[in-house]
Amino acid sequence: MSLRFDQTGWQPLQPGAFRNADGDTVALYGFDLPPDLPAPLEQLDHLRRGTAAKTAESGGGLIELDVTTLDGLPAVQQIVKLPLPDRPTGVAYIASFTVPRADRSLVLKIQCLEQGVTGMRDSTALNHYLTEYGQGRDLQDMMRWWAQHAYAPEIQGGLPRNLSEDPGWDPHFPQHPLSRARRILTALAPTIELHPDFKTAPPFSA
């Protein structure tokens, strides 16, 4: 396996796939080609805007994207949300690390689903937002500020990021799937080890 991580708390489902006690899953994917990124990792603004546009086109929304370092190599760390198929409400939060090289890539994908009653985090944050900032302001304008695509507010369609998805709300809703996704990324990142053959492959350039 080209990537290893601390599997404490994760039960194997099949080779390269695991589940934890919350029902979240982690899966490792290896590809013999570089990832289809919209910009080089050094051009963070372009990378963010291009990814936001691409995610909105697919019906979802980008929550956050950063460039980080995993076992000495640059990687893309991101979270997107996607609608749950065949369900009228609820979303899946997909967190991932993508480690690109010139001729290959690795993706570690974490999936955290909304289950049962949904919308508590959103409604609590929205009520707080309207109470705090809504006095005397036009409601339509307030709602435009409430939900817009991260890094590219002019993008239409998909599932825009809303203010309830700010990390500041995670401590108030620790079992929300977005809070769990962020926790998993934070916990796994320092434990990741890459195979020496992967690390010595030529570097990625978009």
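Residues numbered from 1 in each chain as written. Predicted model: local features only at pLDDT ≥ 70, side-chain atom pairs only at ≥ 80, totals over all residues. Heavy atoms only, no water.

Looking now at helix α1 (residues 44-57). Here α1 contains 14 residues, and its C-alpha end-to-end distance of 20 Å stays within 8% of the 20 Å for a straight helix at 1.5 Å per residue. Every buried residue of α1 is listed here: Leu47, Arg48, Thr51, Ala52, Thr55 and Ala56. For α1, the angular spread of the buried residues around the axis is 155°, confining them to a single face. In α1, the exposed residues that point more than 90 degrees away from the buried face are His46 and Glu57. Buried residues belonging to α1 abut β5 (61-70) and β6 (73-83). Residue glycine 59 follows α1 closely and has a positive phi angle near 95°. (Helix = DSSP H or I, 4+ residues; strand = E, 2+ residues; numbered from the N terminus. Expected span 1.5 Å × (residues − 1). Buried < 20%, exposed > 50% of the residue type's maximum accessible area, 1.4 Å probe, protein only. Arc of directions from axis to C-beta. Contact = heavy atoms within 4.5 Å.)

Our focus in this paragraph is helix α2 (residues 120-133). For α2, built from 14 residues, the straight-helix expectation of 20 Å at 1.5 Å per residue is met to within 8% by its first-to-last C-alpha distance of 20 Å. Listed in full, the buried residues belonging to α2 are Arg121, Ala125 and Tyr129. For α2, the buried positions fall inside an angular range of 55° around the axis, keeping them on one side. Across α2 from its buried face, at more than 90 degrees, point the exposed residues Met120 and Thr131. Its buried side turned inward, α2 meets α3 (139-146) and α4 (177-188).

Another aspect to go through is the sheet that holds strand β3 (residues 17-19). Reading across from one edge, β2-β3-β4-β8-β7-β6-β5 is the order of the seven strands in this open sheet, with antiparallel pairing throughout. Sheet topology places β2 (11-14) and β5 at the edges, where each strand pairs with a single neighbour. Averaged over neighbouring strand pairs, the angle between their axes works out to 20° when direction is ignored. As paired elements, β2 and β3 share three bridges and run antiparallel to each other. Residue pairing for β3: glutamine 14 is matched across the bridge by alanine 17. Contacts from α1 reach β5 and β6, with the element oriented near 140° to β5. (Pairing = 2+ DSSP bridges. Axes fitted to C-alpha atoms, helices over the stretch in contact; angles between N-to-C directions.)

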